[in-house]
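# Geometric and topological summary
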Amino acid sequence: MVKAGIIGATGYAGAELVRILLGHKEVEIKWYGSRSYIDEAYSKVYQNMFQLVEDTCLDDNIGELAKQVDVIFTATPQGFLAGVLTEEILQQVKVVDLSADYRLKDVGVYEKWYGITHKSPQFLEEAVYGLCEINREQVKKARLVANPGCYTTCSILTAWPLIKEGLIDPATLIVDAKSGTSGAGRGAKLPNLFCEVNENIKAYGVTTHRHTPEIEEQLGYAAGEPVTINFTPHLVPMNRGILATEYASLKKIRQEDGSFALPTGGQVMAAYEKYYKDEYFIRLLGEGACPETKWVEGSNFVDIGFQIDPRTGRIILMGAIDNLVKGAAGQAVQNMNLMFGFPEQEGLQLVPMFP
């Protein structure tokens, strides 16, 4: 039985980790860390855990925690883990970090987009970007996994195969994404109040959202060259979900007769199937199908569809995830499963909730 500790257990992503790990046959949660609720019963913070979790919340002392568990999940703000992680800790325990502290390999890019100084850049090279469907073999051998963000998970997985196969021009890629309000975290913020969000949709972080360089870096690996995109997130009045709608120009490819033409829907689908056919958590809906967040809610699935526009020579790609599951806690557990040699689906065979 693997012993797990969660720092940031009372945030939305932390609470989702608790919900998932309680159903994991190979894991026992030993530590519920929360700086805001020290010594309070966890079930008083989240009453859905009444009679399910008897523990009280502890502090965020990662040094002490590392001595008691096999894996630590840090569902914490940017800068926390980078400020406390040491080689001694990594020699004792595996770490899955749900913040952005180790997602970007260039410390200068991190400091520019997040506006804070990185306090442990020596671990950036070692950290594995935990997008399981792309980096599975590296995750298996990792001590430190940088769990991807919610917008990035959806945006990258939706476009990756087509960029990898040279079917779209990455320089033309535009990502238009919508998120439920839980993506902003549990802290009280004026823009997230009910009256501010209800009956409204708005763009934010236009040209400046900090997930932009993460998407660019990972898609750059697929393209084999630097990629620059336009990424615009939107806030919509729902609890959960990410919908990414992505637009790109198709590239002409060599056909069987030696001529060059834009790829067909069948060729696009073949590219998706080449990379995702055996991926349990990626559901390929096919050409003309439009994913919806309600069909992935509460699950670790990614639903992907697309539509070619022959009039403009462009393609519209669409992906949907639950931002708290595949976009955070579910993906973190998927990474942990790989790190400890468990079946990748263990604890994650969550049927989407509807209605």
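First, a word on what this report is: a plain description of the structure on this page. Everything quoted here is computed from the prediction, not taken from an experiment. (Residues numbered from 1 in each chain as written. Predicted model: local features only at pLDDT ≥ 70, side-chain atom pairs only at ≥ 80, totals over all residues. Heavy atoms only, no water.)

## With respect to the overall build of the chain
Formally: Secondary structure elements follow DSSP: runs of H or I of four or more residues count as helices, runs of E of two or more count as strands, with numbering from the N terminus. Values of the radius of gyration come from C-alpha atoms, whereas the globule rule sets the reference at 2.2 Å times the count of residues to the power 0.38. Here the term buried applies to any residue with accessible area under 20% of the maximum for its type, exposed to any over 50%, and partly exposed to those in between, with areas from a 1.4 Å probe on protein chains only. It only takes one pair of heavy atoms within 4.5 Å for two residues to be counted as in contact. Note on areas: these come from Shrake-Rupley sampling with a 1.4 Å probe, and a residue is covered only by the protein chains present in the view. Note that His is not counted, nor are the chain ends; the positive residues are Lys and Arg, and the negative ones are Asp and Glu. To locate a charge, the coordinates of NZ of Lys, CZ of Arg, CG of Asp or CD of Glu are taken.
For the chain, the helix and strand inventory stands at twelve helices and 15 strands. The C-alpha atoms of the chain give a radius of gyration of 20 Å, which matches the 20 Å a tight globule of 355 residues would have. Taken over the C-alpha atoms alone, the chain extends approximately 70 × 45 × 40 Å along its principal axes. Evaluated residue by residue, the chain yields a buried proportion of 54% over its 355 residues. Of all intrachain contacts in the chain linking residues separated by at least 6 positions in sequence, the fraction that spans at least 24 positions is 69%. Surface accessibility of the chain: about 15,600 Å² in total, with carbon and sulfur atoms responsible for 50%. The average position of the 33 basic charges and that of the 44 acidic charges among the side chains of the chain differ by 1 Å.

## Concerning the sheet that holds strand β8 (residues 202-203)
Short version of the rule: Following DSSP output, two strands are said to pair if at least two bridges run between them.
The strand order across the open sheet formed by seven strands is β8-β9-β7-β10-β15-β14-β13, and the pairing between neighbours is mixed. Sheet topology places β8 and β13 (282-287) at the edges, where each strand pairs with a single neighbour. Where strand β7 (residues 174-179) lies against strand β10 (residues 242-249), six bridges are found, and the strand directions are antiparallel. Note that in β10 the partner of S179 across the bridge is I242.

## A look at helix α1 (residues 12-21)
Judged by how many residues are buried, α1 sits mostly within the fold: eight of ten residues are covered. Along α1, the residues that are buried comprise A13, G14, A15, E16, L17, V18, I20 and L21. Close packing links the buried residues of α1 with β1 (2-7), β2 (27-33), α2 (42-45), β3 (71-74) and α12 (325-340).

## Examining the nonpolar core
Cut-off, in case you're wondering: Residue types Ala, Val, Leu, Ile, Met, Phe, Trp, Tyr and Cys, when buried and joined through side-chain atoms within 4.5 Å, form a set referred to as a nonpolar core.
Of all hydrophobic cores here, the largest spans 44 residues; its most connected members are Y42 and F73. Breaking this core down by element, the ones donating at least two residues are β1, α1, β2, α2, β3, α7 (132-140) and α12. Looking at which element gives the most residues to this core, the answer is α12, with eight residues. Non-local contacts of F73, meaning those with residues more than four positions away in its chain, are made with A4, G5, I6, I7, L17, L21, V96, A332, V333 and M336. The next biggest cluster of nonpolar side chains, apart from the first, holds 40 residues, and it includes L167, L219, I282 and I308.

## Considering the packing of aromatic side chains
A ring pair, where both rings are aromatic, is described by two values, the distance of the centres and the angle of the planes. Note the threshold: Only the six-membered ring of Trp is used, alongside the rings of Phe and Tyr, when aromatic pairs are assigned; centres must lie within 6.5 Å, and planes under 30 degrees apart are stacked while those over 60 apart are edge-to-face, with the rest tilted. Lysine and arginine charges are scored as sitting over a ring when NZ or CZ, respectively, is within 6 Å of the ring centre and within 35 degrees of the ring normal.
Inspection of every chain in the model, using the stated rule, returns eleven aromatic pairs. For the ring pair Y280 and F281, a centre distance of 5.0 Å and an interplane angle of 80 degrees mean the geometry is edge-to-face. On the basis of relative accessible area, Y280 is assigned to the partly exposed category, the value being 36%. Owing to a relative accessible area of 2%, F281 belongs among the buried residues under this scheme. For the pair F340 and F342, a centre-to-centre distance of 6.1 Å together with 15 degrees between the ring planes defines the contact as stacked. Relative accessible area serves as the criterion here: at 25%, F340 is assigned to the partly exposed category. Among the aromatic side chains, those forming a connected cluster through ring pairs are Y32, Y42 and Y46. A cation sits over an aromatic face here: K94 above F340, 5.8 Å from the ring centre.

## Some remarks on the environment of Y42
As for its position among the elements, Y42 is in helix α2. On a C-alpha basis, the gap between Y42 and G23 in space is 17 Å, while along the polypeptide they are 19 residues apart.

## Some points on the state of the cysteines
Keep this limit in mind: The disulfide criterion used throughout: a pair of cysteine sulfur atoms within 2.5 Å.
Across all of its chains, the model carries zero disulfides by this definition. Not part of a disulfide, C132 finds its nearest cysteine sulfur in C154, a span of 15 Å. Residue classification places C132 among the buried positions, given a relative accessible area of 0%.

## Considering the sheet that holds β3
Spatially, six strands are ordered β2-β1-β3-β4-β6-β5 in an open sheet, and the strand pairing comes out parallel. Of all strands in the sheet, those with a lone pairing partner are β2 and β5 (128-129), marking the two edges. Of the strand pairs in this sheet, β3 and strand β4 (residues 94-97) are connected by four bridges, and their pairing is parallel. Paired with V71 across the strands is K94, a residue of β4.

## Quick word on unusual backbone geometry
Omega for the bond connecting F354 with P355 falls within 30 degrees of zero, at -5 degrees, which places this linkage in the cis form. By secondary structure assignment, the location of P355 is in the segment after α12. Phi is positive for D39, close to 75 degrees, though the residue is something other than glycine. One non-glycine residue, E199, lies in positive phi territory at about 55 degrees. Among the secondary structure elements, E199 is positioned in the loop between α9 (194-197) and β8. Taking relative accessible area as the criterion, E199 reaches 72% and is therefore assigned exposed.

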